[in-house]
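Here is how the chains run, residue by residue.
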Amino acid sequence: MAPNSAILSLSTATHNDSLQRLVDVATKRWISIDDLFDQADVDESGDVSKEEMEILLKQVHLTDAVNLDMIWSSLDKDKSGEVTRKEWHDCFSQIAPSKITAPYQGVSWNITPSYRDDVPGGLVALVAHNKMKPQMARFVELNVEFFKHCRIITTGSTGKTLEDKLGLDVYQKVSSGPLGGDQEIGALVTQGLVSAILFFKDPLSAHQHAADIEALTRICDVHNVPYATNSASGKCLVTAMASMGLDFANDYDESDTVKEYKAEQQMVIRRLSQTD
């Protein structure tokens, strides 16, 4: 083999090794190469810049193992300074074609809920902070066969998106979170009308209604209503409901703390009723 050919083969192998490390990251996280592109596209422009690629490598702890310039030269084929989704796909399809689309393809709906028009309840709440709405929309789209069977309660803007983009029927819409929507859903939880909540929270931003968010999760714990706050826990919750039914949480008793509180309240009521 000629010296130049040997150098080219070594360079190609090194490039492929760097790409394979990213494939391994996606596999370990149960996400697709396509999902990895979305994670890299921080500004949601539809393209990935070199700066965004550097951020991704830091997030997945590959800055020491992968040379940024080397992997960038593999991705940015047209030398435009931006990597399109097509360039991303074309590059990774040479390494792991089966990993381009998500290995997680949504759950199979094994138990179809039998709703009665005269019986309220069984609501599944879908809530997301603004920066998390795209991720929530992708999650719902992936599990649309599940959600189309549910009575969905959500905020007005999110509900409109789900109706227009995915053709879902939204059972009930509440106000946006800062205007009291979280408290509206919390009130329904206390009435026993909510089966589950998927609240895609933005953990890196401050929220003016943080107290309402805390109150909603607290009331879920009080009434034993399962809730998920990200895609990973969302998969677990959807899988549980799909296999065991929307009301699977009802199989569990109240927590000991709730039982103790109710018993104490009964004692308070008895003492007051005996007071002249």
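Definitions and limits used
Residues numbered from 1 in each chain as written. Predicted model: local features only at pLDDT ≥ 70, side-chain atom pairs only at ≥ 80, totals over all residues. Heavy atoms only, no water. Helix = DSSP H or I, 4+ residues; strand = E, 2+ residues; numbered from the N terminus. Buried < 20%, exposed > 50% of the residue type's maximum accessible area, 1.4 Å probe, protein only. Core = buried A, V, L, I, M, F, W, Y, C linked by side-chain atoms within 4.5 Å. Pairing = 2+ DSSP bridges. Right-handed = clockwise from strand over helix to strand, strands pointing away. Phe/Tyr/Trp six-rings, centres within 6.5 Å; stacked < 30°, edge-to-face > 60°.

Undergrad: Give me the environment of Ile185: which residues, what numbers.
TA: By the element assignment, Ile185 lies in helix α9 (residues 181-190). On the basis of relative accessible area, Ile185 is assigned to the buried category, the value being 0%. Once the C-alpha coordinates of Ile185 and Leu216 are considered, the two residues, 31 residues apart in sequence, prove to be 7.6 Å apart.

Undergrad: Could you give an account of the nonpolar core, with specific residues and numbers?
TA: Counting 25 residues, the largest nonpolar core has Leu22, Met53, Leu75, Trp88 and Phe92 as its most contacted members. For this core, the secondary structure elements donating two or more residues are α1 (3-28), α2 (33-40), α3 (50-59), α4 (68-75) and α5 (85-93). It is α1 that contributes the most residues to this core, five residues altogether.

Undergrad: Any details on the pairing of strand β4 (residues 151-155)? Residues and values, ideally.
TA: β4 sits mainly inside the fold: five of its five residues count as buried. For strand β3 (residues 123-128) and β4, the ladder comprises four bridges, and the chain directions are parallel. Residue Val124 lies in a different strand from β4, and its bridge partner there is Ile152. As paired strands, β4 and strand β5 (residues 170-174) are joined by four bridges and run parallel to one another. Looking at the pairing, Ile153 lines up with Gln172 of β5. On the question of chirality, the crossover connecting β4 to the parallel β5 by way of helix α8 (residues 156-166) is right-handed.

Undergrad: Account for the packing of aromatic side chains, naming residues and giving values.
TA: Under the criterion given, the structure shown has five aromatic pairs. Centre to centre, the rings of Phe37 and Trp88 are 5.4 Å apart; their planes meet at 75°, and the pair counts as edge-to-face. Placement of the pair is Phe37 in helix α2 and Trp88 in helix α5, with a sequence separation of 51 residues. Phe37 sits in the buried class, given a relative accessible area of 0%. Relative accessible area serves as the criterion here: at 0%, Trp88 is assigned to the buried category. The interplanar angle of 65° and the centroid separation of 6.3 Å between the aromatic rings of Phe139 and Phe147 together place this pair among those described as edge-to-face. As far as burial versus exposure is concerned, Phe139 and Phe147 are alike and both buried.

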